[in-house]
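Examination of the molecular architecture
Single-letter residue listing:
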Amino acid sequence: MNLSKDKTLDLVTRCGEGDEAALKLFFESYSEDIYNFPMKIFHLSEDDAGDFFLYAFERLKTGARFSSFKGKSSFRTWFYSVLRNMLIDWQRTKRELKMTNLGKINKEGKEYATIEDEPDLRPDLIEEAQELTKHFHQVLGEIGVEKRVIFKLSYIYYLNLDEEEIQFLIEKTNLGVEEIKKKILGLRSELSKREEENIRMEDKITSLYLNILELKEKQTVTVKKAPLLPQEIDKTSQALKKKYEQRKKLLEKRKKGHFLARTPYREVADLLGITEGNVSVTLLRLIEKIQKKLKFSELSE
């Protein structure tokens, strides 16, 4: 259910004051948006969407967060930014929750649902992640030192070199330990800028989705005035098409792993005294090999 701008502003103001009736109306109007948000923006599962809904509900039900809305942007833009921040926080502290309607009655005689904690599954998830990491390093350790160094240098923002690999670099480059450390720190410094750009691209994906929502709302309003404003309808349709294409391209890049802070082939090649083609082919074959060992087909996508 979509409310008019004036009704939304009034509703949000009342929610910020802790008005229970306003909060109830808000959740009736926007519960679907909250539920769909993690699936539409972050492509999470329906189970995750349900868990996030409970998390968001608990943090919105007091109305305190609504007081930060000043009306400078559209409510939906502001609200989706709030949801995005909450989803990031939720992912950091994720735990399984189950909502069970026990039919409890409060002092006013109203029935309400309760949230019961199930066993915390984070230790299991952490253990699973640790096992996968351990397996990954075992597989990586089985690779010859030269190829292993090429792989680690390519992803040096995320990986560390061991003593054997550092010794290999010393012999390969005729550089001292301190010089090699300086080179590595320089690479990581450059890659940190790439990582910042990756974060901006993630933000752009969210921003484009919000733009699409606003344009669709504008299109709905404009269509109601048709055929008086056919040019406006066409302009909005073209803008929508452009935003959809931009977002699709970014999502495809993210799926292919382009949002990883990978060292340019040239940097690895110059340090090791080999060709960029050698780095590229070696890296491709290693990824395929690691993928098969881990049985994790998404690794190279």
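Before going into details, it helps to say that this report is about the structure given with it. All values derive from a computational prediction rather than experimental measurement. (Residues numbered from 1 in each chain as written. Predicted model: local features only at pLDDT ≥ 70, side-chain atom pairs only at ≥ 80, totals over all residues. Heavy atoms only, no water.)

Right, let's get into the overall build of the chain. Secondary structure summary: the chain contains 11 helices and two strands in total. Order of helices (α) and strands (β) in the chain, N terminus to C terminus: α-α-α-α-β-β-α-α-α-α-α-α-α. Taken across its 301 residues, the chain has 32% of its residues classed as buried. Contacts in the chain between residues far apart in sequence, at least 24 positions, make up 61% of those at least 6 positions apart. (Helix = DSSP H or I, 4+ residues; strand = E, 2+ residues; numbered from the N terminus. Buried < 20%, exposed > 50% of the residue type's maximum accessible area, 1.4 Å probe, protein only. Contact = heavy atoms within 4.5 Å.)

The subject of this paragraph is helix H2 (residues 20–42). For H2, with 23 residues, the first-to-last C-alpha span of 31 Å sits near the 33 Å given by 1.5 Å per residue. Along H2, the residues that are buried comprise Ala22, Leu23, Phe26, Phe27, Ser29, Tyr30, Asp33, Ile34, Asn36, Phe37, Pro38 and Ile41. At the N-terminal end of H2, a side-chain oxygen is found 2.9 Å from the backbone nitrogen of Ala21, two or three residues along, and the residue is Asp19. Trailing H2 by a residue or two, His43 shows a phi angle of about 55°, which is positive. (Expected span 1.5 Å × (residues − 1). Polar contact = N/O pair within 3.5 Å; in protein donor to acceptor, adjacent residues only side chain to side chain.)

All right, on to unusual backbone geometry then. Only a minority of non-glycine residues have a phi that is not negative, and only a minority of peptide bonds are not trans. Phi angles above zero are rare outside glycine, and Asn174 is one such case at about 60°. Note that Asn174 resides in the loop between helix H7 (163–173) and helix H8 (177–225). Its relative accessible area of 69% is what places Asn174 among the exposed residues.

Once that is clear, we can look at the nonpolar core. Among the nonpolar cores identified, the biggest contains 30 residues, and Phe26, Ile34, Phe52 and Phe79 are the most heavily contacted of them. Breaking this core down by element, the ones donating at least two residues are helix H1 (5–16), H2, helix H3 (46–60), helix H4 (75–92) and H8. Phe79 has contacts with Phe26, Tyr30, Ile34 and Leu60, leaving out every residue within four places of it along the chain. The next biggest cluster of nonpolar side chains, apart from the first, holds 18 residues, and it includes Leu153, Ile180, Ile184 and Leu272. (Core = buried A, V, L, I, M, F, W, Y, C linked by side-chain atoms within 4.5 Å.)

Enumeration over the complete set of coordinates arrives at eight salt bridges. Lys61 is the salt-bridge partner of Glu58, the closest N and O atoms lying 3.1 Å from each other. Note on Glu58: relative accessible area 31%, which makes it partly exposed. Exposure remark for Lys61: the relative accessible area of 38% places this residue in the partly exposed category. One salt bridge connects Lys293 with Glu142, and the closest N-O pair in it is separated by 3.7 Å. (Salt bridge = Lys/Arg side-chain N within 4 Å of Asp/Glu carboxyl O.)

Running from amino to carboxyl end, helix H6 (residues 145–154) crosses H7 at an angle of 100°, the nearest separation of the two axes being 10 Å. Here H7 runs roughly perpendicular to H6, going by the angle between their axes. The residues of H7 that touch H6, namely those facing Val145, Glu146, Arg148, Val149, Lys152 and Leu153, are Glu164, Glu165, Phe168, Leu169 and Lys172. A per-class count over the contact of H6 with H7 returns five nonpolar, no polar and six charged. (Axes fitted to C-alpha atoms, helices over the stretch in contact; angles between N-to-C directions. Parallel < 35°, antiparallel > 145°, perpendicular 65-115°, else oblique. Nonpolar A, V, L, I, M, F, W, Y, C, P; charged D, E, K, R; others polar.)

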